[in-house]
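# Notes for the structure review
As a plain string of letters, each chain reads:
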Amino acid sequence: MTLTSHLAVYYGNSPHYLAIVAEVLSRAAAEGAHPVALGVTPVMHALGDEYNRRALRLAGLTSPDADYAERLRDRGVEVLDVTDFRDADHPIDRATLDRLEETTRGALISYARDPLPPLHSGMYARLERRMLAAARDVFTAVYAVLLARPDISRVYVLNGRFPYQRAVIEAAELAGREVHHYEKGEKPGTYWLADHS
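So, a few notes on the structure that sits alongside this text. The structure presented is a predicted model; accordingly, all values stated were derived computationally and were not measured.

### Here's the deal with the overall build of the protein chain
- Scanning the protein chain from terminus to terminus reveals six helices and six strands.
- Every one of the 197 residues in the protein chain was classed for burial, and the buried ones make up 47%.
- Residue pairs in contact within the protein chain that sit at least 24 positions apart in sequence constitute 71% of those at least 6 positions apart.

### Quick word on the side chain of Thr104
- Relative to the helices and strands, Thr104 resides in helix H4 (residues 94–112).
- With sequence-adjacent residues up to four places away left out, Thr104 is seen in contact with Glu128, Met131, Leu132 and Pro163.

### Examining the nonpolar core
- In this structure, Leu7, Val40, Leu72, Val138 and Tyr182 are the most contacted members of the largest nonpolar core, which totals 55 residues.
- The biggest single contributor to this core is helix H5 (residues 122–148), with eleven residues.
- With near-sequence residues (within four places) excluded, Leu7 lies in contact with Val36, Ala37, Leu38, Leu80, Val145, Leu146, Ile152, Arg154, Val155 and Tyr156.
- Of all hydrophobic cores here, the second largest spans six residues; its members include Ala107, Ala112, Tyr124 and Leu127.

### A look at the pattern of salt bridges
- Per the counting criterion, the structure on display carries twelve salt bridges.
- Arg154 is the salt-bridge partner of Glu178, the closest N and O atoms lying 2.8 Å from each other. Linking Glu178 in strand E5 (residues 178–184) with Arg154 in strand E4 (residues 152–158), this pair joins segments that are 24 residues apart in sequence.

### Looking at the pairing of strand E2 (residues 34–39)
- Counting buried residues along E2, five of its six residues qualify, which places the element largely inside the surrounding structure.
- Judged from the six bridges that link them, strand E1 (residues 5–10) and E2 form a sheet pairing that is parallel. Following the sheet pairing, Leu7 is matched in E2 by Val36.
- In this fold, the crossover linking E1 to E2 by way of helix H1 (residues 15–30) has right-handed handedness.
- The pairing of E2 with strand E3 (residues 78–81) spans four bridges and is classified as parallel. Its bridge partner being in E3, Leu38 is matched across the sheet by Leu80.

Quick notes on the rules
Positions within a chain are numbered from 1, following the residues in the order the chain's sequence is written. Given that this is a predicted model, residues contribute local features only at a pLDDT of at least 70 and side-chain atom pairs are listed and counted only at 80 or more, while totals for whole chains, interfaces and linings are drawn from all residues. Excluding hydrogens and water, the side-chain values take into account all heavy atoms of the structure. Where helices and strands are cited, they refer to DSSP runs of H or I of at least four residues and of E of at least two residues respectively, numbered from the N terminus. Throughout this description, buried means an accessible area under 20% of the type-specific maximum (1.4 Å probe, protein chains only), exposed means over 50%, and partly exposed covers the range between. Contacts are assigned to residue pairs that have any heavy atoms within 4.5 Å of one another. To form a nonpolar core, buried Ala, Val, Leu, Ile, Met, Phe, Trp, Tyr and Cys residues must be joined to one another through side-chain atoms within 4.5 Å. Any carboxyl oxygen of Asp or Glu within 4 Å of a side-chain nitrogen of Lys or Arg constitutes a salt bridge here. Two strands are said to pair when DSSP picks up at least two bridges between them. For the handedness criterion, the strands are oriented away from the viewer, and a crossover whose path from the first strand over the helix to the second runs clockwise is classed as right-handed.

Functional significance is not addressed by these values, which are geometric in nature.
Rendered as structure tokens:
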């Protein structure tokens, strides 16, 4: 009997979302799947940081999730290092890149709170470049993980509204894997998990 694995992809250091990832992986284990986690913070080009990267570098860390990864391992979760996969050579086809660009434009509209974000503005132009670069790096890493790990049958990703999240979905679908979405619930301590966003 081949053991199937479920991969949860996460980003950042929000206690709410990290708790959801741990719960989702516990649930996967309870269903008989081998739980696997992949934190993509190191390839996110400092988008949405809630911490000081310079201070982390002085401490020899690339992101604050080192302790979180250890806690996951203590719970029996296999934790993959995204830096082992980010330089894989998997070109993104034009259709996938178009979808990532469309999601990036949608994210910029959200950030700007304007249906026509001022892309000529230096700030929005830089943000667009960083979001798209992060999405490309996440796509490459997740797709490389899935090619290397045929045992992974399901991928969990946060809602799917932002470019790096869309990149996870694109990689999973290209690799023929099932995608499930997670999100904070409306009430404290709850979360939403389904096969659609």
